[in-house]
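Understanding the architecture of this molecule
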Amino acid sequence: MSDIATEPVRPQPWADAKDIAAQAAEGVPQRTDPRSVVAGLVASLPQMLYVIPALLVGGDQALPYLTFVIPVLIAFASFGHWLHWWHFTYCIRAEDIRVEQGIFSRKSRSVPFERIQDVGIERKPVARLLGLAAVKIETGGGKGEDAELSYLKLPDAEALRDLIRDRKHGVVGTAPAAALAGEDLTDSGAEASLFTMDNRRLLLAGLFNFSLILIGVIGALLQQFQNLLPDYVWDPRFWLAELGGIDVAMIRSIGLVAQIVAGLALVLMLLAIGVISGIVRTVLRDYGFRLDRVPAGFRRRRGLLTLTDVVLPKHRVQAGLILTGPIRRHFGWRELKFQSLAQDSKAGSDHSVAPLASSAEIDPILAEAALQNSAVPAQYSRTRMAPFLFLWCILAMVLCIGATMLWLLVHPLAGTAIYAIAGFLPLLAWLRWRHHRYALVGGQLYVHAGWWRQRLSLLPAIRTQTADLSYSPIDRLFGTASLVLGVAGGSASFPLQIRALPELDAIDLRERIMAAVTSIDFSDMHAPA
Amino acid sequence: MTDATPPPFAVEPLWGTSDGLTRVEADYRWVMTIRSAFFGLALLAAGGIVEYILSQETAAPPGTVMGPVALIVLCLLVLLPARRWHRLGYDISDDRLRVARGYLWRTDTIVPFGRIQHIDVDQGLLDRAFDLATLVVHTAGTHNSTVSLPGLGEARAAEMRERIRAHITRETL
């Protein structure tokens with residue numbers, strides 16, 4: 001470990017006209033081009049403009065100071081940018097790129113070549129005017145903060161990019177760039193259809209996409225424009241009189257039965273709106289849905305007004321998600337999504353590859369992505385029930401006490417509804433527990449969760465990035481733990497987790513997953529197979 | 001697990017089977033204390049203002065606000081850093097980094113070296129004063145995209161970085 005932390009080599013002066021890429025390649029720390037200070041300053045000027053109105057508000061007295069304040073501000077900013085530039089060095093070493101930065105707080109980042117996904121050159125307007133370019137190094141990390149060298153002279157940037165690409169591929173000379181350009185993703189040479197949806201299926205999918213979101217959206221919009229609309233739109237009497245010619249006094253007079261009928265009609269109307277909005281949304285999004293197999297992986301085309309054509313490389317698929325609900329399941333319908341490493345957008349996303357399909361239609365698609373859904377029910381295990389129910393039971397008890405007090409003090413009827421809710425909460429929790437199952441079969445983790453929105457995650461153990469054992473106070477009470485897995489793509493706020501495992505089972509399961517991860521070299525996970 | 005560097009001192013299990021962890025540098029307690037002190041000062045100032053207003057408006061005896069606030073700040077400065085330090089541990093083996101932290105809500109994270117995308121060694125101003133550093137590893141996962149281990153000695157952090165980096169390089173050969 002001779003080459004650690006503090007390097008005795010001083011950064012080279014920038015003015016050296018020698019090949020910067022070659023120097024950086026020798027492991028000599030390099031600064032970026034000094035004009036970066038100017039580029040950085042100009043780029044930050046719009047932020048400084050916000051100060052001006054603030055000063056102008058100060059009144060006429062402030063005006064004379066402006067001529068003084070603005071140059072001082074600019075001088076300070078320039079000095080700041082210069083300091084940042086002075087303390088920012090990078091060097092290309094045998095196995096990694098090292099970036100050192102920070103004036104008071106030092107930050108030293110090491111990006112191993114094996115982890116570099118792509119090296120790009122970005123040219124923003126100001127940098128272009130100065131003949132500069134930023135070299136962006138992407139590693140496919142969970143967040144978009146990799147390494148950026150801004151700015152270098154364009155030829156230097158290009159040389160550096162080529163150098164990094166060569167080093168990454170273990171080339172010591174010059175490699176043909178074409179080999180690095182990646183596969184032609186949209187090559188339609190050998191396309192084969194995997195899944196398509198006809199219009200009947202599309203409408204059916206829309207039916208299952210029942211949602212009252214539209215009503216919510218309209219409600220929210222109305223809220224926004226509340227002040228612009230006349231007051232009487234908020235008065236139901238106005239609408240009753242306007243549309244139905246009904247007077248409120250009349251409703252009061254027609255009796256209970258008619259009121260119930262009117263209420264049912266309202267509910268039916270809401271349901272109709274829910275169904276229609278579900279169908280409209282689905283048709284707009286999934287019209288002409290078509291999933292094909294292409295050499296690189298999957299190609300999905302869909303959309304009525306906005307057509308999208310997405311290629312999802314096979315090796316980027318991290319996990320499969322099979323989604324269904326109690327009703328859909330009854331009719332044998334499921335949705336298949338692939339959780340994938342972000343490609344274009346930094347945010348990872350789930351790609352729907354079959355919005356409404358039978359198991360027989362899903363299996364070939366899964367097989368194409370090297371995923372299985374072969375665990376039989378006997379291979380699944382449930383977790384401990386108590387941690388699921390604990391909090392809800394306490395809440396139910398509190399509610400019951402409240403309801404009893406209402407019953408005794410106010411009116412026998414008043415408590416009944418609360419009793420019903422109190423009974424319902426633990427029931428929901430029990431259903432959640434009942435539908436939470438997991439299995440580790442054939443190196444693949446199966447996690448089933450949810451009873452209304454049922455979700456089966458299929459995760460090959462080797463796609464695991466990190467594994468947490470997480471203990472809440474309730475877990476401590478029952479001697480359980482949750483296993484939370486970090487997976488590329490998917491949601492950061494709702495990671496894949498197995499709740500309420502007995503602690504020893506959790507440790508054992510984690511060890512088995514980790515054994516799969518560490519035994520197989522999988523670092524080059526994004527490279528085409 | 002064959003660890004080349006034995007833990008500097010023996011550690012007792014926390015609870016469950018969370019043993020086998022190495023504590024970070026004892027100086028890290030000072031870093032936490034000083035950080036808490038800034039927060040504690042703000043808390044004391046706020047408490048002082050409330051107390052002053054209260055004494056002007058009502059006949060509250062002195063210390064109704066400042067008493068509890070001072071107690072909280074004392075806990076913050078004296079009890080918490082030591083507890084948090086005691087519950088922060090790590091273990092680095094041939095192929096994985098393990099970081100465990102927290103008491104009421106405890107998290108015990110394993111990051112296999114093979115999944116680490118890049119590695120940072122960060123040093124804040126306070127860290128530098130105590131010759132400490134924070135090792136931050138980045139993974140491709142959306143959950144745990146960064147896992148940080150504060151309170152390492154600077155040389156130790158650099159050594160761990162080299163070890164992880166060497167592993168990443170070796171495994172792809």
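Residues numbered from 1 in each chain as written. Chains lettered and ligands numbered in written order. Predicted model: local features only at pLDDT ≥ 70, side-chain atom pairs only at ≥ 80, totals over all residues. Heavy atoms only, no water.

1. Here we look at the overall build of chain A
Short version of the rule: Every helix listed is a DSSP run of H or I at least four residues long, and every strand listed is a run of E at least two residues long, numbered separately from the N terminus. Only protein chains enter the accessibility calculation, which uses a 1.4 Å probe; a residue whose area is less than 20% of its type maximum is buried, one above 50% is exposed, and one in between is partly exposed. We call two residues in contact when some of their heavy atoms are within 4.5 Å. All accessibility values rest on the Shrake-Rupley procedure with a 1.4 Å probe; residue burial counts only the protein chains present in the view.
Broken down by element type, chain A carries 17 helices and 21 strands. Across the 529 residues that make up chain A, the buried fraction comes to 38%. Taking all contacts inside chain A whose residues are at least 6 apart in sequence as the whole, residues at least 24 apart take part in 56%. As displayed, chain A has an accessible area near 28600 Å², and 64% of this comes from carbon and sulfur atoms.

2. With respect to the overall build of chain B
The helix and strand tally for chain B stands at 4 helices and 7 strands. Ordered by position in the sequence, the α and β elements of chain B form the string β-α-α-β-β-β-β-α-β-β-α. The buried share of chain B, taken over its 173 residues, is 48%. In chain B, once contacts between residues fewer than 6 apart in sequence are set aside, the share between residues at least 24 apart is 52%. Accessible surface, chain B as shown: approximately 8100 Å² in total, 66% of it carbon and sulfur.

3. Quick look at the sheet that holds strand 7 (residues 146-153) of chain B
For clarity, the cut-off: Note: two strands are recorded as paired if DSSP finds a minimum of 2 bridges between them.
Taking strand neighbours across the sheet as the criterion, the 7 strands line up as 1(A)-2(A)-3(A)-4(A)-5(B)-6(B)-7(B) in an open arrangement whose pairing is antiparallel. Among the strands making up the open sheet, the edge pair consists of strand 1 (30-31) of chain A together with strand 7 of chain B.

4. Topic: the interface of chain A and chain B
Many descriptions give the size of an interface as the accessible area lost when the pieces come together. Put simply, the rule is: Throughout, the accessible surface (probe 1.4 Å) given up by two parts as they are put together, summed over both, is called the buried area. What makes a salt bridge here is a side-chain nitrogen of Lys or Arg within 4 Å of a carboxyl oxygen of Asp or Glu, nothing more. Each polar contact in these results corresponds to two N or O atoms within 3.5 Å; when the atoms are within protein, one needs to be able to donate a hydrogen and the other to accept it, and residues that are neighboring in sequence are counted only if both atoms are side-chain atoms.
On the chain B side, the residues contacting the 62 residues of chain A number 51 residues. For the pair chain A and chain B, the summed buried area comes to about 4800 Å², and 50% of that belongs to carbon and sulfur atoms. Of all residues in chain A, A:Arg115, A:Tyr471 and A:Arg476 bury the most surface against chain B, accounting for 13% of the area lost on that side. One can count 7 salt bridges joining chain A with chain B. Seen at the junction of chain A and chain B, the total is 22 residue pairs in polar contact (both at pLDDT 80 or more).

5. Here we look at the packing of aromatic side chains
Cut-off, in case you're wondering: Whether two aromatic rings pair depends on their centres lying within 6.5 Å, for rings of Phe, Tyr and Trp, where Trp uses its six-membered ring; planes under 30 degrees apart make the pair stacked, over 60 edge-to-face, and the rest tilted. By the criterion adopted, a ring carries a charge over it if an Arg CZ or a Lys NZ lies within 6 Å of its centre and within 35 degrees of its normal.
Inspection of every chain in the model, using the stated rule, returns 9 aromatic pairs over all chains. On the numbers, 6.2 Å between centres and 20 degrees between planes, the contact of A:Phe79 with A:Trp82 is stacked. Placement of both A:Phe79 and A:Trp82 in helix 4 (residues 62-86) is noted, with a separation of 3 residues, approximately one turn of the helix. Look at A:Phe79 and you get partly exposed, because its relative accessible area is 48%. Pairwise contacts between aromatic rings join A:Phe79, A:Trp82, A:Trp85 and A:Trp86 into one cluster. Positioned over the ring face of B:Tyr103 is B:Arg87, at 3.8 Å from the centre of the ring.

6. Observations concerning the packing of helix 7 (residues 199-208) of chain A against helix 11 (residues 256-286) of chain A
All names here are of chain A. The condition is simple: Note on method: axes are straight lines fitted to C-alpha atoms, helices fitted across the in-contact stretch only, with angles between N-to-C directions ranging 0 to 180 degrees. In these notes the angle categories are as follows: under 35 degrees is roughly parallel, over 145 is roughly antiparallel, 65 to 115 is roughly perpendicular, and the rest is oblique. Should the near helix be turned anticlockwise from the far one by less than a right angle, the crossing is left-handed, and should it be turned clockwise, the crossing is right-handed. Three categories are distinguished: nonpolar for Ala, Val, Leu, Ile, Met, Phe, Trp, Tyr, Cys and Pro, charged for Asp, Glu, Lys and Arg, and polar for the others, with Gly belonging to the last.
Following both chains from N to C, one finds helix 7 and helix 11 inclined at 130 degrees, their axes separated by 7 Å at the closest point. Classified by the angle their axes make, helix 7 and helix 11 are oblique. Both helix 7 and helix 11 take part in a crossing whose hand is right-handed. Residue-level contacts link Leu202, Leu203, Ala205, Gly206 and Leu207 of helix 7 to Val275, Gly278, Ile279, Thr282, Val283 and Asp286 of helix 11. Residue classes in the contact of helix 7 with helix 11 are distributed as 7 nonpolar, 3 polar and 1 charged.

7. A look at the pairing of strand 13 (residues 334-340) of chain A
Residue and element names in this part refer to chain A. Counting buried positions along strand 13 gives 6 out of 7 residues, so the element sits mostly inside the fold. When strand 12 (residues 317-324) meets strand 13, the two strands line up antiparallel, connected through 6 bridges. Residue pairing across strands places leucine 321 opposite lysine 337, the latter belonging to strand 13.

8. Examining the environment of A:Trp85
All names here are of chain A. Inspection of the secondary structure puts tryptophan 85 in helix 4. Linking tryptophan 85 and serine 150, residues 65 residues apart in sequence, is a C-alpha distance of 9.4 Å. Among the polar contacts made by the side chain of tryptophan 85, one reaches the main-chain carbonyl oxygen of threonine 32 at a distance of 2.8 Å.

9. A short note on the nonpolar core
Note on soluble globular proteins: their nonpolar side chains tend to be buried together. We apply this condition: To form a nonpolar core, buried Ala, Val, Leu, Ile, Met, Phe, Trp, Tyr and Cys residues must be joined to one another through side-chain atoms within 4.5 Å.
Judged by nonpolar contacts, the single largest core of 30 residues is most densely connected at A:Phe298, A:Leu336, A:Phe338 and A:Ile365. When contributions to this core are tallied by element, the ones reaching two or more residues are strand 8 (192-196), helix 7, strand 12, strand 13, strand 14 (349-357), helix 13 (359-368), strand 16 (437-441) and strand 18 (454-460) of chain A. Broken down by element, the residue count for this core peaks at 4 residues, all from strand 14 of chain A. Of all hydrophobic cores here, the second largest spans 26 residues; its members include B:Val111, B:Ile119, B:Val147 and B:Leu152.

10. Let's talk about unusual backbone geometry
Keep in mind that most residues, glycine aside, have a negative phi and that most peptide bonds are trans. Note the cis peptide between A:Ser150 and A:Tyr151, where omega equals 0 degrees. One non-glycine residue, B:Asp131, lies in the positive phi region at around 60 degrees. In this structure, B:Asp131 sits in the loop between helix 3 (125-129) and strand 6 (132-139). The backbone of B:Asn144 shows a phi angle near 65 degrees, a positive value even though the residue is not glycine.

11. Points about the side chain of B:Thr134
When you line up the elements, B:Thr134 lands in strand 6. The class of B:Thr134 is buried, set by a relative accessible area of 13%.

12. Looking at the side chain of A:His351
Inspection of the secondary structure assignment puts A:His351 in strand 14. According to the relative accessible area criterion, A:His351 is buried, its value standing at 16%.

13. Some remarks on the sheet that holds strand 7 (residues 147-153) of chain A
Residues and elements named next belong to chain A. Taking strand neighbours across the sheet as the criterion, the 3 strands line up as 5-6-7 in an open arrangement whose pairing is antiparallel. Both edges of this open sheet fall to strand 5 (118-122) and strand 7, since each of them pairs with a single strand only. Here the strands of the sheet are splayed against their neighbours by 25 degrees on average, with no regard to which way each runs. The sheet contacts of helix 6 (residues 154-168) involve strand 5, strand 6 (132-138) and strand 7, and relative to strand 7 the element is tilted by about 140 degrees.

14. What about a nonpolar patch on the surface?
Test applied: Exposure above 30% relative accessible area and no salt bridge define the residues that can form patches, which grow by joining like charges within 9 Å and nonpolar side chains of Val, Leu, Ile, Met, Phe, Trp and Tyr within 5 Å.
Together, A:Phe210, A:Leu212, A:Leu266, A:Val267, A:Leu268, A:Met269, A:Leu270, A:Leu271 and A:Ile273 make up an exposed nonpolar region whose accessible area comes to about 780 Å². A relative accessible area of 56% places A:Leu268 in the exposed class.

15. Details of the confidence of the model for chain A
How we decide: A residue's pLDDT is the predictor's confidence in that residue, given on a scale from 0 to 100.
Confidence in the prediction for chain A averages 80 pLDDT; 77% of positions are at 70 or higher. Low pLDDT (under 50) marks residues 172-188 of chain A, which in the prediction has 18 contacts with non-local residues, meaning those over four places away or in another chain.

16. Side note on the pattern of salt bridges
Residue and element names in this part refer to chain A. Throughout the structure, instances matching the rule amount to 27 salt bridges over all chains. Residue glutamate 368 pairs with lysine 314 through a salt bridge whose shortest N-O separation is 3.6 Å. A residue pair is termed long-range when its members are at least 10 positions apart, and glutamate 368 in helix 13 and lysine 314 in the loop between strand 11 (308-313) and strand 12 qualify at 54 residues. Assessed through its relative accessible area of 17%, glutamate 368 is described here as buried.

17. Some thoughts on the environment of A:Met405
Among the secondary structure elements, A:Met405 is positioned in helix 14 (residues 386-409). For the pair A:Met405 and A:Gly415, spaced 10 residues apart in sequence, the C-alpha to C-alpha distance is 7.9 Å.

18. With respect to helix 13 of chain A
Residue and element names in this part refer to chain A. As a reminder, the rule being used: Here the arc refers to the set of directions running from the helix axis out to each C-beta atom.
For helix 13, the full list of buried residues reads Ile362, Ile365, Leu366 and Glu368. Projected onto a plane normal to the axis of helix 13, the buried residues spread over an arc of 155 degrees and lie on a single side. In helix 13, the exposed positions angled more than 90 degrees off the buried face are occupied by Ala360 and Ala367. Phi turns positive, to about 60 degrees, at alanine 370, one or two residues after helix 13.

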